[in-house]
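Structural overview for review
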Amino acid sequence: MTASSLFSISVAPPLLVFSASEMSSSTPTLLAAETVVIHLIDAACHDIAVLGATSGVDRFADPEQWAVLPTGEPYYVAPRRRIRGRVVKKEDAGAATLFVVHVIESWQEGEGDAPPLVYHNREWHVLGDVSRLA
C-alpha cells in the first residue's frame, strides 16, 4: 500500500509509525505481518506509488517489479531506499490502525537522486527549489 504519512517517533530505539485504513485491501495482510519493508519513494518511482495506492489490484502481478529478501519479505526493486522493520505495536485509531515499526535495517542502492514524491490535495507533486518557502 502507499501510506500518506510515515514519521519517526524515536531515534533510540529507531521507531517509525504509519497508519492503514480499515478500508484498505492491504490492511489484513499488514495486521498479520510481523515484519514490513517500507519503500521511500521518489519521483522516479511514481508508478510504484500509484500501484500501491490503487485498491483491488494485484500489486505483485509483474514479477519483474519485485523480489524477496533472504528474510522472506517481498520488496519492489525500483525504489532505491528501503527500510525493513519489525511491527512492535498495532493500535486501533478510529477507522485506521497505527503501526509502530522498530527499524531493523535500511539501505540505499544505486547512484543519482530523483526529487522526493509528495501526495497533496489528491495530486502527486515533486519537491524542488520552487517549493521552498524561504
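Residues numbered from 1 in each chain as written. Predicted model: local features only at pLDDT ≥ 70, side-chain atom pairs only at ≥ 80, totals over all residues. Heavy atoms only, no water.

**Structural notes on the overall build of the chain**
- In terms of regular secondary structure, the chain is built from 2 helices and 9 strands.
- For the chain, the α and β elements follow one another from N to C terminus as β-β-α-β-α-β-β-β-β-β-β.
- The principal-axis extent of the C-alpha atoms belonging to the chain is close to 40 × 35 × 35 Å.
- Burial status across the chain gives 32% buried among its 134 residues.
- At a minimum sequence separation of 6, the contacts of the chain that also span at least 24 residues come to 56%.
- Across the chain, the centroid of the 10 positively charged side chains sits 5 Å from that of the 16 negatively charged ones. (Helix = DSSP H or I, 4+ residues; strand = E, 2+ residues; numbered from the N terminus. Buried < 20%, exposed > 50% of the residue type's maximum accessible area, 1.4 Å probe, protein only. Contact = heavy atoms within 4.5 Å. Lys, Arg positive; Asp, Glu negative; His and termini not counted. Charge placed at Lys NZ, Arg CZ, Asp CG, Glu CD.)

**So, the packing of aromatic side chains**
- Throughout the structure, instances matching the rule amount to 4 aromatic pairs.
- Look at Phe18 and Phe99: their rings are 5.1 Å apart centre to centre, the planes differ by 10°, and that puts the pair in the stacked class. Of the two residues, Phe18 sits in strand 2 (residues 15-21) while Phe99 sits in strand 7 (residues 96-108), which places them 81 residues apart along the sequence.
- Taking the relative accessible area as the measure of exposure, Phe99 reaches 0% and is therefore buried.
- A ring pair is formed by Phe60 and Tyr76, whose centres lie 5.6 Å apart and whose planes are at 5°; its orientation type is stacked. (Phe/Tyr/Trp six-rings, centres within 6.5 Å; stacked < 30°, edge-to-face > 60°.)

**Things to note about the side chain of Asp42**
- One can find Asp42 in the loop between strand 3 (35-40) and helix 2 (46-53).
- Here the side chain of Asp42 touches Ala44 through a polar contact of 3.1 Å, landing on its backbone nitrogen. (Polar contact = N/O pair within 3.5 Å; in protein donor to acceptor, adjacent residues only side chain to side chain.)

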